[in-house]
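Descriptive structure summary
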Amino acid sequence: MSPWADTGQRKAYVLTIDDAIGPATRDHIVRNITRAERDGAEVIVVRLNTPGGLDASMRDIIRKILASEVPVATWVAPAGSRAASAGTYIMYASHIAAMAPATNLGSATPVQIGGGDTDKSPSAWERARDALRKSADKNGTEGSNATEEPENLPDDAMGRKVVNDAVAYIKGLAERHGRNAEWGERAVREAVSLTSSEALEQDVIDLIAADLPELLEAMNGREVRMADGTRTLDTAGLTVVEIETDWRTELLAIITNPTLAYMLLMIGIYGLILEGYNPGAMVPGVIGGICLLLALYAFQILPVNYAGLALILLGLALIGVELFIPAFGILGIGGIVAVVFGSVILFEGDIPEFRINTGVIAGMGAGSALVFGGIVWVAARTLRKPRLSSREAMVGLEAEAIQDFIDGFGRVHLQGENWSARSGHPIRQGDKVRIVAMEDEGLVLSVTPAPTGNGNQ
């Protein structure tokens, strides 16, 4: 139970979101709205500064806000902050939409909506927007008429469906709270933005507040629409409770970072490859297994292009096979190419926070090339190494007696293997011996004591 639950204090919970909207943000907001409902908070304030984010995470947040038993006020703050793209939808969904001076919102064109969309060309949205503007210029229309969808949209069914779905979504949110649906449509179709004063003037937001006390004062007495009807806010004299991100949210934010998730995947697979090449090493297998499971969890909730993931897995498999089946470099080179191309297309979209750092891709490509080079070097060294099964190659090698010779017979250790041996000289355990021949019957070595450092036998 929350420590605030039995104190009788009237509370305002404040969450700070200063990042792209993703799985960690969704978890933080959803869990703390549930906590506020349990603790009986008067209001939840989401202090927002975001460039946008993932559609799936945004919609989960909006569903929780719309169903919340506690009014949610989304406040774009401090000065210089923005609520772009997904942030605009969250503003429209909130019971109170507020901004600090010198902030902005808008640019809600759904470039990333749907996560891994099937349209590989982001320019589809630009073509749609240009067609809208050209149609408006041709018809001599301005203002709201310029946002009407023309008949000559690009022949891009997926693009039209995604944009029209986003328009309907934001208009529905606007109608729910009595906000400017027409401007919301323009934000989607034309990627327009507004300053805080312009947003207030056009009924996109409810109020402007420079700081938290001013926000709570301005909200007091306002009527908002909740899931179970209307409610009048009573925000005077509330105790402000700042909700910090906990370890779970921090961990989720780390492992769902696309660059780190990609590195975990590579480390995991390379660890398993090394464990397969050297069974019993344990450390590569354990570390690789943990990293691989964490990466797969992250990929489950990130917008992954599975063709890219398949290319990476295929490439690493080819490099791994080269360890056991030398193919004169064909498998290794093909594997490196597959890893690089798969890495490039693994995460797609125009949100920098959800793309892999190109330097990491280059580093992993170079690392894969080094691994492949090491495999080639080991293979070449093995080919140059004399085979133990060759009689001539074994003559002259030194071994160590692992038991006393009895009646001229004993056993010696030679390059990782134990051999039966015969000698006409007395030999004791631990003595160094030299191979002089291999007898035809029974793979028995003929040995003689090895020369000592002073030249005596």
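Bear in mind the structure is a predicted one, so any value in this text is a computation, not a measurement.

A word on the UniProt feature "transmembrane region" (unreviewed entry) in the chain. Feature annotation in UniProt assigns "transmembrane region" (unreviewed entry) to the following positions: residues 251-273, 280-298, 304-321, 328-347 and 359-380. For the annotated span residues 280-298, helix accounts for 84% and strand for 0% of the residues, and the straight-line distance between the end C-alpha atoms is 29 Å.

This next bit is on unusual backbone geometry. Here the residue pair Ala77 and Pro78 is connected by a cis peptide bond, since its omega of -5° sits within 30 degrees of zero. If you check the backbone angles, Ser85 has positive phi at about 50° while not being a glycine. Looking at where Ser85 falls in the secondary structure, it is placed in the loop between strand S4 (82-84) and helix H3 (86-93). The exposure class of Ser85 is buried, given its relative accessible area of 18%.

Let us now look at the sheet that holds strand S14 (residues 417-422). Overall, mixed pairing links the 5 strands, which are arranged S12-S13-S14-S16-S15 in a closed barrel. Taking each pair of neighbouring strands and ignoring which way they run, the sheet shows an average axis angle of 55°. Both strand S12 (residues 398-401) and strand S13 (residues 409-414) contribute to a ladder of 2 bridges, which runs antiparallel. What sits directly across from Glu400, in S13, is His413.

Turning our attention to the packing of aromatic side chains. Enumeration over the complete set of coordinates arrives at 1 aromatic pair. Positioned above the aromatic ring of Tyr169, the side-chain terminus of Arg59 is 4.1 Å from the ring centre.

Turning to the nonpolar core, a few remarks are in order. Membership of the largest hydrophobic core comes to 47 residues, with the highest contact counts inside it found for Tyr89 and Leu105. Sorting elements by how many residues they give to this core places helix H5 (residues 157-177) first, with 7 residues. Grouped together as the second largest cluster of nonpolar side chains are 28 residues, Ala261, Leu265, Met266 and Ile269 included.

Cut-off values and rules
Residues numbered from 1 in each chain as written. Predicted model: local features only at pLDDT ≥ 70, side-chain atom pairs only at ≥ 80, totals over all residues. Heavy atoms only, no water. UniProt positions renumbered as here; feature names shortened; annotations may be inferred. Helix = DSSP H or I, 4+ residues; strand = E, 2+ residues; numbered from the N terminus. Buried < 20%, exposed > 50% of the residue type's maximum accessible area, 1.4 Å probe, protein only. Pairing = 2+ DSSP bridges. Axes fitted to C-alpha atoms, helices over the stretch in contact; angles between N-to-C directions. Phe/Tyr/Trp six-rings, centres within 6.5 Å; stacked < 30°, edge-to-face > 60°. Lys NZ or Arg CZ within 6 Å of the ring centre and 35° of its normal. Core = buried A, V, L, I, M, F, W, Y, C linked by side-chain atoms within 4.5 Å.

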